[in-house]
Amino acid sequence: QKEVEQNSGPLSVPEGAIASLNCTYSDRGSQSFFWYRQYSGKSPELIMFIYSNGDKEDGRFTAQLNKASQYVSLLIRDSQPSDSATYLCAVMDSSASKIIFGSGTRLSIRP
Amino acid sequence: GAGVSQSPSNKVTEKGKDVELRCDPISGHTALYWYRQRLGQGLEFLIYFQGNSAPDKSGLPSDRFSAERTGESVSTLTIQRTQQEDSAVYLCASSLTRGSETQYFGPGTRLLVL
């Protein structure tokens, strides 16, 4: 079992709809969770981080964390074509020494 | 201030040659990470430096890979006797401290081994 798992996609969502991206992790002791966006040929950039169970909202983005289920998700409201990218879920391991990345979900927003 | 910088941006080499990749972290950032990203794949952790502590080398794929960092500044990743499967983008990231701090990525070095 991979440490951080994501559906590779592609996930196709119509413009204006909500895009929902999911991630599961295996290390129950993990404390910090991150979502990065990576455009083709570019480096990852941080969108959201979350430490506590529940929801965290920032503009059109909402991160959701459920530690009991070892599940973290990212919702993108009012999806725009510029949101088309690969979204990487990342988890800091329980020793807080390194961040493990999932393989990413490719999101495509269709006009 | 300046972000994370990496050099060279692109490197083409012949199989069997050694290559050295450089990363300049954000000034004041004590934590530095190296990742490898193959085409269409996620990020593969290679090595992590935190201040003057012993680095976490658990992600290095073979003994052909090594990395050094001088204090809290520049880091170099060296790949000896390169193989074609080493072709990838090598990304460096830095963060203020270890733990829950977020990482800032450099632009990467695109390595192609012929």
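Below is a summary of the structure that appears in this document. Everything numeric here is computed off the predicted structure, so don't read it as measured data.

## Focus: the state of the cysteines
Scanning the entire structure with this criterion turns up two disulfides over all chains. Covalent S-S linkage joins cysteine 23 of chain A and cysteine 89 of chain A, the inter-sulfur distance amounting to 2.0 Å. Negative torsions about the S-S bond denote left-handed disulfides, and the value of about -70 degrees found for cysteine 23 of chain A with cysteine 89 of chain A makes this one left-handed. With a gap of 66 residues between them, cysteine 23 of chain A in strand 3 (residues 19–25) and cysteine 89 of chain A in strand 9 (residues 85–92) connect regions that are remote in the sequence. The same class applies to cysteine 23 of chain A and to cysteine 89 of chain A, which are both buried. Bridging cysteine 23 of chain B to cysteine 92 of chain B, the disulfide has an S-S length of 1.8 Å. The disulfide joining cysteine 23 of chain B to cysteine 92 of chain B has a torsion of about -60 degrees about its S-S bond and is therefore left-handed.

## Regarding the pairing of strand 5 (residues 45–50) of chain A
Residue and element names in this part refer to chain A. Pairing between strand 4 (residues 32–38) and strand 5: five bridges, direction antiparallel. The partner of arginine 37 across the bridge, within strand 5, is glutamate 45. Where strand 4 folds back on strand 5, the antiparallel hairpin that results is connected by six residues, among which glycine 41 adopts a positive phi of roughly 80 degrees.

## Points about the nonpolar core
By size, the foremost hydrophobic cluster in this structure holds 24 residues, and its most contacted members are Trp35, Val72, Leu74, Ile76 and Tyr87 of chain A. Among the secondary structure elements, those contributing two or more residues to this core are strand 3, strand 4, strand 5, strand 7 (61–66), strand 8 (71–76), strand 9 and strand 11 (105–110) of chain A. What tyrosine 87 of chain A contacts, discounting residues up to four positions off in sequence, is Gln6, Leu21, Trp35, Tyr36, Arg37, Ile47, Leu74, Ile76, Gly104, Thr105 and Leu107 of chain A. One finds Val19, Leu32, Trp34 and Ala67 of chain B within the second-largest nonpolar core, a separate group that totals 20 residues.

## Points about the interface of chain A and chain B
Size of an interface, as often reported, equals the accessible area lost when the parts are brought together. Contacts between chain A and chain B engage 21 residues on the former and 22 residues on the latter. Counting across the interface, chain A meets chain B through zero salt bridges. For the interface between chain A and chain B, the tally reads five residue pairs in polar contact (both at pLDDT 80 or more). Elements supplying a minimum of two residues to the side of chain A that touches chain B: strand 4, strand 5, strand 9 and strand 10 (99–101) of chain A.

## As for the sheet that holds strand 8 of chain A
Residue and element names in this part refer to chain A. Read from one edge to the other, the open sheet built from five strands follows the order 1-3-8-7-6, with strand pairing classed as antiparallel. Whereas interior strands pair on both sides, the edge strands pair on one side only; in this sheet they are strand 1 (4–5) and strand 6 (54–58). Pairing of strand 1 with strand 3 involves two bridges; the strand directions are antiparallel. Across the sheet, residue glutamate 5 finds its bridge partner in strand 3, namely threonine 24.

Calculation notes
Residues numbered from 1 in each chain as written. Chains lettered and ligands numbered in written order. Predicted model: local features only at pLDDT ≥ 70, side-chain atom pairs only at ≥ 80, totals over all residues. Heavy atoms only, no water. Disulfide = S-S within 2.5 Å. Helix = DSSP H or I, 4+ residues; strand = E, 2+ residues; numbered from the N terminus. Buried < 20%, exposed > 50% of the residue type's maximum accessible area, 1.4 Å probe, protein only. Pairing = 2+ DSSP bridges. Core = buried A, V, L, I, M, F, W, Y, C linked by side-chain atoms within 4.5 Å. Contact = heavy atoms within 4.5 Å. Salt bridge = Lys/Arg side-chain N within 4 Å of Asp/Glu carboxyl O. Polar contact = N/O pair within 3.5 Å; in protein donor to acceptor, adjacent residues only side chain to side chain.

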